[in-house]
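Secondary and tertiary structure notes
Letter by letter, the chains look like this.
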Amino acid sequence: MLNFLLVPLLPAGANTASAATIAAGGYHSCAIDDTTGEMRCWGRDNLGQLGDGKSVDRSAPVAVSTSVPRWLSVATGESHSCAIAANGPVYCWGYNAFGQLGDGTLTNRQTPVAVAGLNSGVRQLALGSHHSCALMHSGKINCWGNGANGRLGSGQTTNQATPAEVLTVTDAVAIGVGGGHSCAVLADGSMKCWGLNIDGQVGDGTQTDRAIPVFVSGNITAHAISLGGFHSCALNTAGALQCWGRNASGQLGDGTTIRRLTPVAIGAIGSGASQLVTGAYHSCVLASGNVLKCWGFNDTGQLGNGTVTGSTVPLNVVNATAPILALSAGLAHTCLRSSGNRIQCWGNGDYGRTGTGDSSASSPLVSLPALISGLPAGVASLSLRSNTSCASTSPGSAHCWGLNSPGQIGDGGVVRHAGPRNVAGQQSAVAGAAIGDAHGCAVKTNGTVWCWGSNTYGQIGDQTTLARPIAVQTVGITDAVQVGTGLAFSCARTAAGAVWCWGINSYGHLGDGSTTNRSQPVAVVGLNGGVVALSVGDRHACAVRSDGSVRCWGYNNLGQVGDGSQTNRLVPVAINDGFSSYVAVAAGNEHSCGITTDGQAKCWGSNVYGQLGDGSNVTRSSPAGVTTLTSGVRQIATGDYHSCALLSTGALKCWGRNNLYQLGDDTVANRTQPVTASTIAGDIQTVVLGMQASCAVLSGGSAKCWGLNSNGQLGNGSIVNTRIPEPVAQWLRDDLIFRDGFAP
């Protein structure tokens, strides 16, 4: 069976009563918003089949790049896609080696191109592995692309780069396209098929390829048809099912694995079925009572019953959300649309084809329908660290994405996700969220703090060192207004201006005068209340007091505490800048930066990559002015080895390490002085930096990120490093794929 799987094939067809607004392809999927007509695709994009112009695999949907304002119907092949625009023309994109895009060339296309001659009059599209067909309102059919075995129905076996009419078919009402064969339902309910017939999939009782359409044997009065890799199925007007062709995986559903050269009734379905789809080696119907059933090959969970065991008879899909409005089956995955634009996909999740936001290259199995995850509203706060990111949103919920091996996403699992996931139990009254190296914390509007993930050093603060994949309440804190996280410790600022910390303490991280790890919060000594701002770095922390003074504590190997020394500080000490008063501070890995009351940016600590911005690579144990930023700075942020400042003019300036484009200037040149992050468009409200990544929150709650993305920490549905800012999860919502999350 394995050798057959090396020939990716694509189903077609579906219920002819409505336009196809969801399509599962070979390794990708597409869907159309049934309200706005917008189209988004996800999954593999090596040949441009997602249509966003970038050829970057996506595990969450991205908008198709086009000027078409509204789409009517979409179909997907092994590595290409086609769609009907609401104003009439047909467009295709992706792989084009056989001319399957129909534009008269053999050139792959990363964005939609018009199909020659199909400017209007198209009723339905269906795509195979490498060929495409269009049913016209006139009842005629046009096909193009790979012509092997006569699958284009033109009487020839040569490739065709533009549409050509199928012979002898003039009154079709529905079409289906499989891996190497095609079929049509005629006005009187009879069917004609043509093309590859090695397993009898043409249905004429032979195994002879047909370059000209022939009638399917039997007395079926067909209503809908769908073709798989080497098999075909049809529903009659009463909703009864018949199938024929290859059956080695039980994909015909008749309880056997016997090849059928003519249609055989699938009695287990009975009558009343309303929708039919076929994948490469599996099939599904929406049976009477709105019950979804699938059968056939199930090596990656494409049957949706929670197993990877195949079946020769129909089995109920588990967790399918009713009412089901549309279905589509791909090479090894299946998708449905239910009311409210809800999309569910299951089966083989490699390349992100199931759209769950998991971009693992190890072919994750999703054996039950999984909702496409995301954010329900705009960003209120954003936090980055090394490989994971978290956000709180304006309704008061917390979401994380990226690396999750110790459970730092907080969704109860350990699976990496390139799209935002809900933090379990933190979907209301969240005022802010922060992510550490392997744990996260949220502060709630009632003043409590909740943390999750790794707890080796007590950084969860629940008096244990047990890992917590689900958030638990940190003990003893009831009036917090801010929470911050370091590599393995956490701190909270209270409404009264006190600071409490917990977790690892080997360098004085906690500021309590000791080096003893703490599994519950302890007060930071010597601040005497009045703290108005807190920033937690990797191994040190800093606070701004109401009198404008800055005090820092913890690891100080390169002067990041800023007191003029390189001695670790177990309690807060004043930075060595007696002539300045500060309004903000940002603690990074081995450096820190602040903003003075007159709007000047100053930095101190390690400077090996120019992250202090003073035009040098000289380490500073006391604050030094950032070149050119002598006034007008309204926010400052620090990453591991880079820094950024947001100016009152709205400009974003960054400096320091730039090996992964984290400065946003579309180069990889390190900068010892500020440069403009010129690719940021929009009104920036906040800038947030991680290890080697950066994000900007824009007005309206949208966000853009750039830099290191090896674990999906940028939240754009891929694990590809991004050299310019991209919208974060604009396609995502916890249940609605087309309700924008971050995007305006």
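Scroll up for the structure.
Residue numbers run consecutively from 1 along every chain, following the written order of its sequence. Residues qualify for local features only when their pLDDT is at least 70, as the model is predicted, and side-chain atom pairs are given and counted only at 80 or more; totals for whole chains, interfaces and linings, by contrast, use all residues. Where side-chain values are given, they derive from all heavy atoms of the structure, hydrogens and water being excluded.

A helix here means a DSSP run of H or I that spans at least four residues, while a strand means a run of E at least two residues long, and both kinds are numbered starting from the N terminus. Counting its regular elements, the protein contains 1 helix and 56 strands. Here the protein has a C-alpha radius of gyration of 29 Å; the compact-globule value for 744 residues is 27 Å, and the two agree. Expressed as a percentage of its 744 residues, the buried residues of the protein come to 62%. Any two residues having at least one pair of non-hydrogen atoms within 4.5 Å are treated as being in contact. The contacts in the protein between residues at least 6 apart in sequence include a share of 51% that link residues at least 24 apart. Side chains of the protein give 39 positive and 38 negative charges; the mean places of these two sets differ by 1 Å. The reference for a compact globule is 2.2 Å times residues^0.38; the radius of gyration itself is calculated from the C-alpha atoms. Accessible area is worked out with a 1.4 Å probe on protein chains only. A residue is then buried under 20% of its type maximum, exposed over 50%, and partly exposed in between. For the purpose of charge, His is not counted, nor are the chain termini; Lys and Arg are scored as positive and Asp and Glu as negative. Note that the charge is assigned to NZ on lysines, CZ on arginines, CG on aspartates and CD on glutamates.

The next point concerns the environment of W71. Counting through the fold element by element, W71 comes out in strand β5 (residues 71-76). A sequence separation of 12 residues divides W71 from A83, and the C-alpha atoms of the two residues are 7.1 Å apart. Excluding anything up to four places from it in sequence, W71 contacts I32, G37, E38, M39, T66, A83, I84, A85, A86, Y91 and W93.

Another aspect to go through is the environment of G599. Looking at the secondary structure, you find G599 in the loop between β46 (591-596) and β47 (601-605). Here the alpha-carbon distance between G599 and M39, two residues 560 residues apart in the chain, equals 45 Å. For G599, the residues in contact, after removing those within four places along its chain, are L629, T630, S631, G632 and V633.

If you look at the biggest cluster of nonpolar residues, it comprises 16 residues, and the most contacted ones within it are C491, V499, C501 and W553. The set of elements that each furnish at least two residues to this core consists of β38 (489-494), β39 (499-503), β41 (531-536) and β42 (540-545). Formed by 15 residues, the second largest nonpolar core is a distinct cluster that contains A23, C30, L50 and A85. Put simply, buried Ala, Val, Leu, Ile, Met, Phe, Trp, Tyr and Cys residues joined by side-chain atoms within 4.5 Å make one nonpolar core.

With that settled, the discussion passes to the state of the cysteines. Any two cysteine sulfur atoms lying within 2.5 Å of each other are counted as a disulfide. As enumerated under the stated definition, the model contains 14 disulfides in all. There is a disulfide in this structure between C30 and C41, and the S-S distance comes to 2.1 Å. In this structure, the disulfide formed by C30 and C41 twists by about 105° around the S-S bond and is classed as right-handed. Residue C30 is located in strand β2 (residues 28-32), and its partner C41 is located in strand β3 (residues 39-43); the two are separated by 11 residues in the primary sequence. By the burial criterion, C30 is buried, and C41 matches it. With its sulfur 2.1 Å from that of its partner, C133 forms a disulfide with C143. Where C133 bonds to C143 through sulfur, the torsion about that S-S bond is close to 110°, and the disulfide is right-handed. Taken together, the positions of C133 in strand β10 (residues 131-136) and C143 in strand β11 (residues 141-145) put the pair 10 residues apart, joining distant regions of the chain.

This paragraph deals with the sheet that holds strand β8 (residues 109-114). The strand order across the open sheet formed by 4 strands is β5-β6-β7-β8, and the pairing between neighbours is antiparallel. Because the sheet does not close on itself, it has two edges, and the strands there are β5 and β8. Strand-to-strand twist of the sheet, defined as the mean angle between neighbouring strand axes without regard to direction, takes the value 20°. Any two strands with at least two DSSP bridges between them are considered paired. Two strands pair when backbone bridges link them, and β5 and strand β6 (residues 80-85) are joined in this way by 5 bridges, in the antiparallel orientation. Opposite A75, over in β6, you have C82 as the bridge partner. Fitted lines through C-alpha atoms give the axes, limited to the stretch in contact for helices. The angle between two N-to-C directions lies from 0 to 180 degrees.

Before going further, it helps to examine the pattern of salt bridges. Any two side chains of opposite charge can pair if their charged atoms end up close together. Whenever a carboxyl oxygen of Asp or Glu lies within 4 Å of a side-chain nitrogen of Lys or Arg, that contact is scored as a salt bridge. In this structure the tally under the stated criterion is 18 salt bridges. A salt bridge links D103 to R109; the nearest nitrogen and oxygen atoms lie 2.9 Å apart. Overall, the relative accessible area of 25% leaves R109 in the partly exposed class. Among the salt bridges present, the one from R518 reaches D512, with a minimum N-O distance of 3.0 Å. A single salt-bridge network, built from bridges that share partners, covers D199, R246 and R259.

With that settled, consider the environment of W295. Mapped onto the elements, W295 comes out in strand β23 (residues 291-296). Judged by relative accessible area, which is 0%, W295 ranks as buried. In the structure, W295 is positioned 18 residues away from V313 in sequence and 5.8 Å away in space, judged by C-alpha atoms. In this structure the side chain of W295 is engaged in a polar contact, spanning 2.9 Å, whose partner is the backbone oxygen of Q251. Polar contact criterion, stated in full: a pair of N or O atoms within 3.5 Å, where within protein one must be able to donate a hydrogen and the other to accept it, and residues adjacent in sequence count only if both atoms are side-chain atoms.

This part covers a nonpolar patch on the surface. Residues enter patches when their relative accessible area tops 30% and they take part in no salt bridge; the joining distance is 9 Å for like charges and 5 Å for the nonpolar side chains Val, Leu, Ile, Met, Phe, Trp and Tyr. Shrake-Rupley sampling with a 1.4 Å probe provides the accessible areas, and residues are treated as covered by the protein chains on show and by no other component. On the surface, V525, L570 and V571 cluster together into a nonpolar patch covering about 180 Å² of accessible area. For V571, a relative accessible area of 31% puts it in the partly exposed group.

What follows is about the packing of aromatic side chains. Geometry of aromatic contacts follows a simple scheme: Phe, Tyr and Trp rings, the Trp one being its six-membered ring, pair when their centres are within 6.5 Å, and the pair is stacked under 30 degrees between planes, edge-to-face over 60, tilted otherwise. A complete count under the given rule lists 8 aromatic pairs for this structure. Aromatic pair W71 and Y91: ring centres 5.7 Å apart, planes at 85°, arrangement edge-to-face. One end of the pair, W71, is in strand β5; the other, Y91, is in strand β7 (residues 90-94), and 20 residues separate them in sequence. Judged by relative accessible area, which is 4%, W71 ranks as buried. On the basis of an interplanar angle of 85° and a centroid distance of 6.3 Å, the ring pair of Y95 and F98 is categorised as edge-to-face. The exposure class of Y95 is partly exposed, given its relative accessible area of 22%. Judged by its relative accessible area of 23%, F98 is partly exposed. The positively charged end of R44 is found above the aromatic ring belonging to Y27, 5.8 Å away from the centroid. Lysine NZ or arginine CZ positioned within 6 Å of the ring centre and within 35 degrees of the ring normal marks a charge as sitting over the ring.

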